[in-house]
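Working through the structure, step by step
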Amino acid sequence: MNQLAQNVRPISAQELFDQIRYQNSKYRLSTVYRNLNLFEEKKIVRRINIDYKESIFELALGEHHHHLLCMKCAEIITLDCPLKEYEEELQRKTKYTILDHKLKLYGICPKCNNRSETF
Ligand SMILES: [Zn+2]
Ligand SMILES: [Zn+2]
């Protein structure tokens, strides 16, 4: 399962399974799911919930970041957080201590754009 570590970008269980099966045909999708759930409990991976397709997993390392998601193929890219200064400004203005925020961007990736004449 260090397959996941080779994927810098987030990946779905199915996609991960396809990659693993390529190398080891005995692996089953249920095993992939079981391991992912286990890793999630141990906080090795993080589940990214997108609203209309299967969950996507990524390694739970690294900085706070955001995701840009293709609504057609569910490809996800990670983005640096653009909100740090805004948060600080907001804290000054509102006297709130801001602990968290969520930002998710949705769109159509270039690949899907190219084949979307039949949209
Ligand atoms: Zn796409
Ligand atoms: Zn952020």
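It should be noted that the structure appears before, not after, this text.
These remarks concern the structure in this document. The residue numbers shown here count from 1 along each chain, following its written sequence. Each chain is given a letter, starting from A, and each ligand a number, starting from 1, according to the order in which they appear as written. Totals for whole chains, interfaces and linings use every residue, but because this is a predicted model, local features are given only for residues with pLDDT of at least 70 and side-chain atom pairs only at 80 or more, for both listing and counting.

1. Quick notes on the pairing of strand β4 (residues 65-70)
For β4 and strand β5 (residues 76-80), the ladder comprises 5 bridges, and the chain directions are antiparallel. Pairing of histidine 66 across the sheet is with leucine 79, part of β5. In this analysis, strands are considered paired if DSSP registers two or more bridges between them. Strands are runs of DSSP state E lasting at least two residues, helices are runs of H or I lasting at least four, and both sets are numbered from the N terminus onward. Here β4 folds back onto β5 in antiparallel fashion, the turn holding 5 residues, of which alanine 74 has a positive phi close to 65°. When β4 meets strand β6 (residues 104-107), the two strands line up parallel, connected through 4 bridges. The partner of cysteine 70 across the bridge, within β6, is glycine 107.

2. Structural notes on the environment of cysteine 73
As for its placement among the helices and strands, cysteine 73 is situated in the loop between β4 and β5. Field definition: a residue is buried when 20 or more other C-beta atoms are found within 10 Å of its C-beta, exposed when 12 or fewer are, and partly exposed for counts in between, with C-beta atoms placed from the backbone. The class of cysteine 73 is partly exposed, set by 13 C-beta atoms lying within 10 Å. Linking cysteine 73 and isoleucine 108, residues 35 residues apart in sequence, is a C-alpha distance of 8.3 Å. Contacts are defined on C-beta atoms placed from the backbone: any two residues whose C-beta positions lie within 7 Å are in contact. Here cysteine 73 is in contact with Cys109, Lys111 and Cys112, once residues within four sequence places are set aside.

3. Re unusual backbone geometry
The backbone of lysine 43 shows a phi angle near 60°, a positive value even though the residue is not glycine. If you trace the backbone, lysine 43 turns up in the loop between α3 (29-41) and β2 (45-48). C-beta crowding within 10 Å serves as the criterion here: with 9 such atoms nearby, lysine 43 is assigned to the exposed category. Positive phi, normally seen in glycine, also occurs at alanine 74, with a value near 65°.

4. Focus: the sheet that holds β6
Pairing within the open sheet is mixed, and its 3 strands lie in the order β5-β4-β6. The open sheet is flanked by β5 and β6, the only strands paired with a single partner. The sheet shows a mean angle of 25° between the axes of neighbouring strands, taken without regard to direction. A fitted line through C-alpha atoms represents every axis, and for helices the fit uses only the stretch in contact; the resulting angles, taken between N-to-C directions, go from 0 to 180 degrees.

5. With respect to the nonpolar core
Note on terminology: a nonpolar core is a set of buried residues of type Ala, Val, Leu, Ile, Met, Phe, Trp, Tyr or Cys, with members joined through C-beta atoms within 7 Å. Ile11, Leu16, Phe17, Ile20, Val32, Leu36, Val45, Ile56, Phe57, Leu69 and Ile76 together form the largest nonpolar core, which totals 11 residues. Top contributing element to this core by residue count: helix α2 (residues 13-23), with 3 residues. For isoleucine 56, the contacting residues outside a window of four places in its chain are Pro10, Ile11, Ser12, Ile48, Ile50 and Ile76.

6. Description of α3
Here the expected span of a helix is defined as 1.5 Å times the quantity of residues minus one. The end-to-end C-alpha separation of α3 is 19 Å, in line with the 18 Å expected for 13 residues at 1.5 Å each. Positive backbone phi, at 60°, marks lysine 43, one or two positions downstream of α3.

7. So, the environment of proline 10
You can see proline 10 is positioned in the loop between α1 (3-6) and β1 (11-12). Sequence-distant contacts of proline 10, that is, excluding residues within four places in its chain, are made with Ile48, Ile56, Phe57, Glu58 and Ile76.

Such coordinate-based values are descriptive only and should not be taken to indicate function.
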